[in-house]
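Here's the letter readout for the chains.
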Amino acid sequence: MCGRFACGLAPDVVRRLSTYMNSQTQETILPPYIDLMSSIQPFRTSWNLPPTSTCLCLISAKHLDETEDSATRVLCSMRWSLVPHYHKGSLNEYKPILNNCRVETIEEKPTFNVPLKNGRRCVILAEGFYEWKQNVPKTPYFIYETEPLINEKHYPNIDTDKILEKIDKDNQGKLPLLAMAGIFDINRNCETDPLYSCTVCTVDASETMLNVHVRMPAILTTQQEIDQWLDFGRYDTEKVLPLLVSHNDIQMYRVTPSVGSTKTNDMNNIRPFIADQNNKTISPNRNTLDSFIIKGKSFEEPTSKNDNIKKTKKTPTKRGQSSIEDYMFKDTKSSRKRFKK
DNA sequence: CCAGACGTTGTT
DNA sequence: GTCTGG
DNA sequence: CCAGACGTTGTT
DNA sequence: GTCTGG
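These numbers come from a predicted model, not from an experiment.

1. Structural notes on the nonpolar core
No. 1: Grouped together as the largest cluster of nonpolar side chains are 75 residues, with contacts concentrated most on F5, V123, I124, C201, L220, W229 and L244.
No. 2: Sort the elements by how many residues they give to this core and strand β12 (residues 178-187) lands first, with seven residues.
No. 3: Each residue touching C201, except ones within four places of it in the same chain, is listed here: C101, V103, I106, A181, G182, I183, M216, P217, A218, W229 and L244.

Next comes the structure, spelled out in structure tokens:
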């Protein structure tokens, strides 16, 4: 499932990271950014985005301009939590919080199938998402595909070029972005007309994800998958729904319990978190990853009777030799797996 | 015909 | 327990 | 998703 | 808007 995520990168950075090769023209294109939520609730960079907040996503440009080719992409902001096209009245009068939609039943639910028939598919961009393991006390994890930048000196409020340089150098050019498949709709009855809102498609948890939860977002992993998911002109529903499968090429670590409150929206949320012997919080404030390692703390799973969580093997950490990998769940198997219903 | 629903999650 | 706000 | 509130009256 | 139930 996906009920909270992080996107602390400025729209301009996300835009630059969304540079793509147009499959029709073979041109490298920097997509335009269109803040569709500017008059309602403009996108704000945050490491703690809950349902109903404004997020960033990619859609086909043809949704906004009929004359555009459907392979052309646009980066835009939308409300996360679908407000269906049929809803009448104000935004807040719509009670169900539709932040997720189940892939298994997407075609039998009118709320999702109608936008789907209109090709309203989007890709919601995040550095990673959070999941609370439902033990006592419940413990939050940050789940991601590519390691995010976790040195606050580098973003969000610095020069875009410098961040890109940093990603290129420290992240081997891998993009610290997760592409979650989503459905969006347009509501023209609200006083906030038109309202663009989206929902994250969910699938059964993959092996790695099962450490924490039984559902997970459908993640798109290649430019080809993103191309097909977005290009409703060339790929119909039947062709693209099979793209939405459990994905196992993810990593995760525990994060601070303070991520529970949406008031806490700083970068500490996506740093590895370690509890002390009494399971009390060691505040990650001002700590960099290195300072955890220097304290010699290991990644400890909370234990409880019902817990069958896998423990990561712990090797004593030496100063200066440890890396973020010491705090991760590791994948051992292939990146993809299909799970039968 | 009109009225009313239209959803996911987790938990029991 | 249930709703609202973020 | 989680956290936090959940209320009225009269008076300053 | 569109489907289901009465």
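Having put the structure on the table, let's press on.
2. Topic: the sheet that holds strand β1 (residues 5-7)
No. 1: Taken in spatial order, the five strands line up as β5-β1-β10-β11-β16 in an open sheet, and their pairing is antiparallel. Here the strands that pair on one side only, and so sit at the sheet edges, are β5 (46-49) and β16 (251-254). On average, adjacent strands in this sheet sit at an angle of 30° to one another, irrespective of strand direction.
No. 2: Both strand β11 (residues 139-144) and β16 contribute to a ladder of four bridges, which runs antiparallel. Along β16, the bridge assignment pairs Y144 with Q251.

3. Some remarks on the environment of R102
No. 1: Tracing the sequence through the fold places R102 in strand β8 (residues 100-102).
No. 2: Exposure remark for R102: the relative accessible area of 41% places this residue in the partly exposed category.
No. 3: Taking the C-alpha atoms as reference points, R102 and C201, 99 residues apart in sequence, are found 5.8 Å from one another.
No. 4: When neighbours within four sequence positions are excluded, R102 is seen to be in contact with T202 and R215.

4. As for the protein's contact with DNA strand D
No. 1: Taken together, M1, G3, R4, P51, W132, Q134, K138, G260 and S261 make up the full set of residues adjacent to DNA strand D.
No. 2: Considering the 4 Å shell around the protein, atoms of DNA strand D inside it are sugar or phosphate in 67% of instances.
No. 3: A distance of 2.7 Å separates a sugar or linking oxygen of DNA strand D from a polar side-chain atom of R4.
No. 4: Q134 places a polar side-chain atom, nitrogen or oxygen, 3.1 Å from a phosphate oxygen of DNA strand D.

5. Focus: the protein's contact with DNA strand B
No. 1: Contacts to DNA strand B come from 17 residues, most closely from R102, K109, T111, T202 and H213.
No. 2: Of all DNA strand B atoms lying within 4 Å of any protein atom, the proportion belonging to sugar or phosphate reaches 75%.
No. 3: At a separation of 2.6 Å, a phosphate oxygen of DNA strand B approaches a polar side-chain atom of R102.
No. 4: The contact in question runs from a sugar or linking oxygen of DNA strand B to an N or O atom on the side chain of T111, over 2.8 Å.
No. 5: Residue assignment for the surface near DNA strand B shows that the elements contributing at least two residues are β8 and α2 (110-117).
No. 6: By residue class, the composition of the surface near DNA strand B is eight nonpolar, six polar and three charged.

6. Details of the pairing of β11
No. 1: In terms of burial, β11 is largely enclosed, as six of its six residues are buried.
No. 2: Taking every second residue as pointing to the same face, both faces of β11 are buried, with T139, Y141 and I143 on one and P140, F142 and Y144 on the other.
No. 3: Linking strand β10 (residues 128-133) back to β11 in an antiparallel pair, the connection comprises five residues.

7. Looking at the confidence of the model for chain A
No. 1: Confidence in the prediction for chain A averages 84 pLDDT; 78% of positions are at 70 or higher.
No. 2: Every residue in residues 283-322 scores below 50 in pLDDT, and together they form 67 contacts with partners more than four places removed in sequence or on other chains.
No. 3: In this model, residues 330-341 is a region of pLDDT below 50 whose contacts with residues beyond four sequence positions or in other chains number 28 contacts.
No. 4: Prediction confidence for the complex, expressed as pTM and ipTM, is 0.85 and 0.88 respectively.

What counts, and at which threshold
Residues numbered from 1 in each chain as written. Chains lettered and ligands numbered in written order. Predicted model: local features only at pLDDT ≥ 70, side-chain atom pairs only at ≥ 80, totals over all residues. Heavy atoms only, no water. Core = buried A, V, L, I, M, F, W, Y, C linked by side-chain atoms within 4.5 Å. Buried < 20%, exposed > 50% of the residue type's maximum accessible area, 1.4 Å probe, protein only. Helix = DSSP H or I, 4+ residues; strand = E, 2+ residues; numbered from the N terminus. Contact = heavy atoms within 4.5 Å. Pairing = 2+ DSSP bridges. Axes fitted to C-alpha atoms, helices over the stretch in contact; angles between N-to-C directions. Near = heavy atom within 4 Å. Polar contact = N/O pair within 3.5 Å; in protein donor to acceptor, adjacent residues only side chain to side chain. Nonpolar A, V, L, I, M, F, W, Y, C, P; charged D, E, K, R; others polar. pLDDT = per-residue confidence, 0-100.

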